[in-house]
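Close look at the chain arrangement
Residue strings, one per chain:
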Amino acid sequence: MRLKTAMRASQAKPPASSYNVVVVGARCAGAATAMLLARAGHRVLMVDRGRYGTDTLSTHALMRGAVVQLHRWNVLPAVIAADTTPVRQATFFYGDESVSVPIAPRDGVDALYAPRRYVLDRLLVDAAVASGVEVLYGVRLEGLQRSTTGRVTGAVLEGESGAVHHVSSDMVVGADGMRSTVARLVGSTTYRAGQHATATLYGHWSGLDVAGYEWYFVPGLSAGAIPTNAGEVCVSLTVPGAELTRLFAHQTDEAFHALLSQVAPGLSDQVARAGPRRLQGFPGHVGFFRQAHGPGWALVGDAGYFKDPLTAHGITDALRDAELLADAIDAGSGDALAEYQEQRDAASLDFFQTTDAIASFRWTLSEVRLLHETMAKAMSREVKLLVQPRFTGSWA
Ligand SMILES: Cc1cc2nc3c(=O)[nH]c(=O)nc-3n(C[C@H](O)[C@H](O)[C@H](O)COP(=O)(O)OP(=O)(O)OC[C@H]3O[C@@H](n4cnc5c(N)ncnc54)[C@H](O)[C@@H]3O)c2cc1C
């Protein structure tokens, strides 16, 4: 069945001339939004300029809200079947002190998961296809169609062969990441921005002995260990943006190991014994909130709201906002879209401000511990939002 849906998702056939919704971007935000809209009866086309089942630049720790949604959408069984390690505790290391938080069984979830993006995004696309979404890869959004009043009325899409398709739709959703073409084309404004950006290097190792998520902090450095698929662990290292050159040094591997040994010596020894792996790097980007909707368009995921990755909450945000947006589009009014933006911002503001404060690296260990407690409270509120009856009955 999975192979069948995978093949359907990869097929390159021309789009029809009209849809209820065109979603640009087929990763966590886009695939979840498209799937939910199709389940609510909308005719949905989803396009991505990339390829089916590929990786992207991201570590991949999911928080409880995301796992609750994957469970509710019946995608979690496939995540577990993909040999994704269950995470049953999170441990925060503040210098020599540590605090462990067990993952209590609640809301249908007894573990967290951190599937690789080529697993999670593919499974969400498969679920979207199984729900009736038409998916085209290798197709890029090039422009938008507009009515005489300026309302967005469709998308101009270009395939790899250069063929251009004009597709009309009631709504175009930009789920096309932080450098969103949709946001640029509609002129969406940034009305809140962060001040700090961190740089990250990460790789994946087998055979490491870690007990769930492990997050390490010393002044000026942070690291994480994230169990993922097939027994591998993602190890990441984060430095303040101003220290970028320390991380992306001429000898990047050596810089990674030298800095990792300062923040997480035991983990660093294990990584050194396991041998070299390919490292991937993110130079950093300050967070932002963009206007999330207008006549005939909306933004979801990083396209509309981005924050520094060091609190590992972007995918969880994206899935939450996919549900809020699908609900608003289904309601079919400008007021519902305005409410989507209000709810997104209300649910995100604590995460955004606290993440920016952690990303500043201007904290003592006791201060960063308090910031993590603020994050934990915001996550509890987020889960309460996601288990409201309004959602639990709607999207099965
Ligand atoms: C280093 C790093 C580590 C991170 N770690 C975590 C973590 O541990 N946990 C977590 O929750 N989050 C993490 N994040 C954040 C997370 O990666 C993002 O929040 C998430 O990827 C947002 O998903 P999205 O679907 O909105 O956008 P994206 O994943 O960026 O997907 C956008 C898609 O749009 C497509 N696209 C773009 N333009 C066009 C176009 N014009 N036409 C057609 N298609 C287009 C792209 O090909 C892409 O597939 C991390 C991010 C980084 C950079």
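Please read these numbers as outputs of a predicted model, since none were measured by experiment.

1. Focus: the pattern of salt bridges
- Applying the stated criterion across every chain, the model contains 17 salt bridges.
- A salt bridge links Asp121 to Arg27; the shortest N-O distance between them is 2.8 Å. Taken together, the residues Asp121 in helix 5 (residues 117-130) and Arg27 in the loop between strand 1 (18-24) and helix 2 (28-39) connect sequence positions 94 residues apart.
- Judged by its relative accessible area of 3%, Asp121 is buried.
- Residue class for Arg27 comes out partly exposed when judged on its relative accessible area of 21%.
- Ionic pairing is found between Arg344 and Asp345, a salt bridge with its closest N-O pair at 2.9 Å.
- Residue classification places Arg344 among the buried residues on the basis of a relative accessible area of 1%.
- Looking at Asp345, the relative accessible area reads 18%, which means it is buried.

2. Remarks on the environment of Ser348
- Along the chain, the position of Ser348 falls in helix 11 (residues 334-359).
- Here Ser348 falls in the buried class, since its relative accessible area comes to 0%.
- Once you skip the residues sitting within four places of it in the chain, Ser348 turns out to touch Phe289, Tyr305 and Arg320.

3. Topic: the confidence of the model for the protein chain
- Put simply, the protein chain has an average pLDDT of 94, and 95% of its residues get 70 or more.
- Scored below 50 in pLDDT, residues 1-11 makes 17 contacts in the model with residues more than four places away or belonging to other chains.

4. A closer look at the site of the ligand
- The ligand sits among 29 residues. The nearest are Asp48, Ser58, Thr59, Asp302 and Ile315.
- Gly314 has a polar backbone atom sitting 3.1 Å from an oxygen atom of the ligand.
- The protein chains hide 93% of the 1,000 Å² of surface that the ligand would expose on its own.
- Considering only residue class, the shell around the ligand consists of 12 nonpolar, 10 polar and seven charged.

5. Thoughts on the sheet that holds strand 18 (residues 305-306)
- Strand order in the open sheet formed by three strands is 9-15-18, with antiparallel pairing between adjacent strands. Bordering the open sheet on either side are strand 9 (190-193) and strand 18, each of which pairs with just one other strand.
- Summarising the sheet, strand 15 (residues 288-290) and strand 18 pair through two bridges and their orientation is antiparallel. For Phe288, the partnering residue across the bridge sits in strand 18 and is Phe306.

6. Some details on helix 3 (residues 64-72)
- Most of helix 3 sits inside the fold, with eight of its nine residues counted as buried.
- Of all the positions in helix 3, only Arg64, Gly65, Ala66, Val67, Val68, Gln69, Leu70 and Arg72 are classed as buried.
- Following helix 3 by one or two positions, Asn74 adopts a phi angle in the positive range, close to 65 degrees.

7. What to know about unusual backbone geometry
- A positive phi angle, near 65 degrees, is found at Asn74, a position not held by glycine.
- Considering the arrangement of structural elements, one finds Asn74 in the loop between helix 3 and helix 4 (76-81).
- One non-glycine residue, Ala312, lies in the positive phi region at around 50 degrees.
- Along the chain, Ala312 falls in the loop between strand 18 and helix 10 (314-331).
- Under the relative-accessibility criterion, Ala312 is labelled buried at 12%.

8. A word on the packing of helix 11 against helix 12 (residues 365-386)
- One can describe the packing of helix 11 onto helix 12 by two numbers: an axis separation of 9 Å at closest approach and a directional angle of 160 degrees. The orientation of helix 11 with respect to helix 12, classified from their angle, is roughly antiparallel. The two elements helix 11 and helix 12 meet at a crossing, and its hand is left-handed. Contacts between helix 11 and helix 12 involve Ala347, Asp350, Phe351, Thr354, Thr355, Ala357 and Ile358 from the first element and Val368, Leu371, His372, Thr374, Met375, Ala378, Met379, Arg381, Glu382 and Leu385 from the second.

9. Quick notes on the packing of helix 2 against helix 10
- Running from N to C, helix 2 and helix 10 point in directions that differ by 30 degrees, and their axes come no closer than 8 Å. Here helix 2 and helix 10 pass one another in a crossing that is right-handed. Of helix 10, the residues touching helix 2 (which contributes Cys28, Ala29, Ala32, Thr33, Leu36 and Leu37) are Ile315, Ala318, Leu319, Ala322, Glu323, Leu325, Ala326, Ile329 and Asp330.
- A breakdown of the residues in the contact of helix 2 with helix 10 according to their chemical character gives 12 nonpolar, one polar and two charged.

10. Description of the packing of aromatic side chains
- Inspection of the entire model under this criterion finds 13 aromatic pairs.
- Here the aromatic rings of Phe93 and Tyr216 are separated by 4.4 Å at their centres, their planes lie at 5 degrees, and the arrangement is stacked. Taken together, the residues Phe93 in strand 3 (residues 89-94) and Tyr216 in strand 11 (residues 213-218) connect sequence positions 123 residues apart.
- Given a relative accessible area of 22%, Phe93 falls into the partly exposed group.
- Taking the relative accessible area as the measure of exposure, Tyr216 reaches 10% and is therefore buried.
- An aromatic cluster is present here, built from Phe92, Tyr94, Phe217, Phe361 and Trp363 joined pairwise through their rings.
- The lysine or arginine in question, Arg43, covers the ring of Tyr19, its NZ or CZ lying 4.7 Å from the ring centre.

Thresholds, definitions, all that
Residues numbered from 1 in each chain as written. Predicted model: local features only at pLDDT ≥ 70, side-chain atom pairs only at ≥ 80, totals over all residues. Heavy atoms only, no water. Salt bridge = Lys/Arg side-chain N within 4 Å of Asp/Glu carboxyl O. Helix = DSSP H or I, 4+ residues; strand = E, 2+ residues; numbered from the N terminus. Buried < 20%, exposed > 50% of the residue type's maximum accessible area, 1.4 Å probe, protein only. Contact = heavy atoms within 4.5 Å. pLDDT = per-residue confidence, 0-100. Near = heavy atom within 4 Å. Polar contact = N/O pair within 3.5 Å; in protein donor to acceptor, adjacent residues only side chain to side chain. Areas by Shrake-Rupley, 256 points an atom, 1.4 Å probe, with all protein chains shown as cover. Nonpolar A, V, L, I, M, F, W, Y, C, P; charged D, E, K, R; others polar. Pairing = 2+ DSSP bridges. Axes fitted to C-alpha atoms, helices over the stretch in contact; angles between N-to-C directions. Parallel < 35°, antiparallel > 145°, perpendicular 65-115°, else oblique. Left-handed = near helix turned anticlockwise from the far one by under 90°. Phe/Tyr/Trp six-rings, centres within 6.5 Å; stacked < 30°, edge-to-face > 60°. Lys NZ or Arg CZ within 6 Å of the ring centre and 35° of its normal.

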